[in-house]
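Here are the chains, one letter per residue:
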Amino acid sequence: MAELATHKLFLLFACKHNDTENSGFVLYSFSDKLRFEFDKPFLHEKLFIGSQHGWLSVLDRHCEPSLLNPLTGESVSLPSFTTLSRIRPHHSANGDIVSYFCRKLCRPQSNFGDRAFFYCLGEVTFKKILISSNPSTSLSNFFAAALLGYNSNLVVAKPGASRWKFLQHQEEEWYMDIMFRQDGKLICLTNEGSIHEVELKDDNFVISEMTAPFLKQYIDRAYLAEDCAGRVLVIHREYDFTTRPKTCNVKVFGLINGNGKESKLERVKSLGGQAIFVGTNASISLTKQDIRGEIKADTIYFTDEWWEWDHDQDEDDVESNWLKNICAYNLMSNSIKPCCPDEHQLCSLPLPIWIHLSNPK
């Protein structure tokens, strides 16, 4: 672990399928092109749906969420999936959950390769969980925020709470991404391109609109990020689906404060020499001074998020070893290129996630 302490930013991915006894994980350091074998049994049969402050947000095979520190194995419980108002769990005689009902029956599976498991994930459960501060320093004083199901509903909770709290928004809107800013404020990006700010105070939650709707057409993926100067960025990622999902176009917008008037988004042509890493994780920004080795300035690094692609195909067409779309977009050259060796693009579930490791206590 001491060797890992000198390498802060990693791509964490599974090097073999999680349904085999010999499965393990790899931490890949982009700056130095170094690979660390990282076989942690407590990560097995977990799906990664967030990373922040050196912690992973994970789901187990019953879709139950928790936070895990991948260096120490420390865990923080979050309210049960079954406390969500629209979820009705069904139990076996010995008390185990065997299925959920949410408009249709979903059966959680122990095998991440089972497509029924992914139908359950996509239909009803958590897509992304982020936290407002580091649990290592404020174990009982942070919020968890999550996007839930196909409609990307927003739910929030504090550690020790008995259930998730659903935050109502307009029926025709859904959230594409969420982000806790450096000051701890939660902001959300809607499918129409507007940005909402959520004020979190104990049991009181107020949603306000920061910008008007911005999008006039559907975007495959969109991310919220915050650069090192505190500027909010919106990153659009478009795909070519001719064969497998491949990033074909990226646009970056910056939030311009209205100084008493309505704020707006404007196109960004440069990151000021910074590098930004986005995906299921909370966005990670590196200053010009922190960039070294193979990490490039004015570049956005993406993980692959189309984990459901294989599970949408016909059974005979599924390929277990196809190159994922882990890539980098450079704003200055307007170019998109793979950003890690092919051997690391052949990862299995759970799909990879950026993580900024925190030194263990």
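Residues numbered from 1 in each chain as written. Predicted model: local features only at pLDDT ≥ 70, side-chain atom pairs only at ≥ 80, totals over all residues. Heavy atoms only, no water.

### Structural notes on the layout of surface pockets
How we decide: Put simply, the grid is 1 Å and covers the protein atoms alone, a cavity is a trapped set of points that fit a 1.4 Å probe, a pocket is an open set with protein on both sides within 12 Å along at least five of seven lines, and lining residues have an atom within 4 Å of a point. Grid points are joined across faces, edges and corners, and a volume is the space filled by probe spheres set on the points. Secondary structure follows DSSP: runs of H or I at least 4 residues long count as helices, runs of E at least 2 residues long count as strands, and numbering of each begins at the N terminus. Any residue outside Ala, Val, Leu, Ile, Met, Phe, Trp, Tyr, Cys, Pro, Asp, Glu, Lys and Arg is labelled polar, Gly included; the first ten of those are nonpolar and the last four are charged.
The computed volume of the second largest pocket comes to approximately 530 Å³. Lining the second largest pocket are 24 residues, and of these Q52, H53, S283, I284 and S285 sit closest to its centre. Those elements giving two or more residues to the lining of the second largest pocket turn out to be β4 (47–52), β15 (175–180) and β24 (284–286). When residues in the lining of the second largest pocket are grouped by element, the largest group, three residues, is from β24. A breakdown of the residues in the lining of the second largest pocket according to their chemical character gives six nonpolar, 14 polar and four charged.

### Some details on the sheet that holds strand β11 (residues 126–131)
The following threshold applies: Strands are labelled as partners when DSSP assigns at least two bridges between them. Lines are fitted to the C-alpha atoms to define the axes, a helix being fitted only along its stretch in contact, and any angle between axes, read from their N-to-C directions, falls within 0 to 180 degrees.
Taken in spatial order, the four strands of this open sheet run β11-β12-β13-β14, and their pairing is antiparallel. Sheet topology places β11 and β14 (165–167) at the edges, where each strand pairs with a single neighbour. Strand-to-strand twist across the sheet, computed as the mean angle between neighbouring axes with direction ignored, equals 25°. Bridging between strand β13 (residues 153–157) and β14 involves three bridges; their strand directions are antiparallel. By the bridge assignment, V156 is partnered in β14 with K165.

### Re the pairing of strand β23 (residues 275–278)
For clarity, the cut-off: In this scheme, a residue with accessible area under 20% of its type's maximum is buried, one over 50% is exposed, and one in between is partly exposed, where area comes from a 1.4 Å probe on protein chains only.
Neither face of β23 is exposed, since A275 and F277 on one face and I276 and V278 on the opposite face are all buried. The sheet contact formed by β23 and β24 spans three bridges and is antiparallel. Across the sheet, the residue bridging to A275 is L286, located in β24. The hairpin turn running from β23 into β24, its antiparallel successor, is five residues long. Two elements, β23 and strand β25 (residues 299–302), share four bridges in a ladder whose sense is parallel. Looking at β25, one finds that A275 is bridged to T299.

The quantities given are spatial measurements derived from coordinates; they are silent on function.
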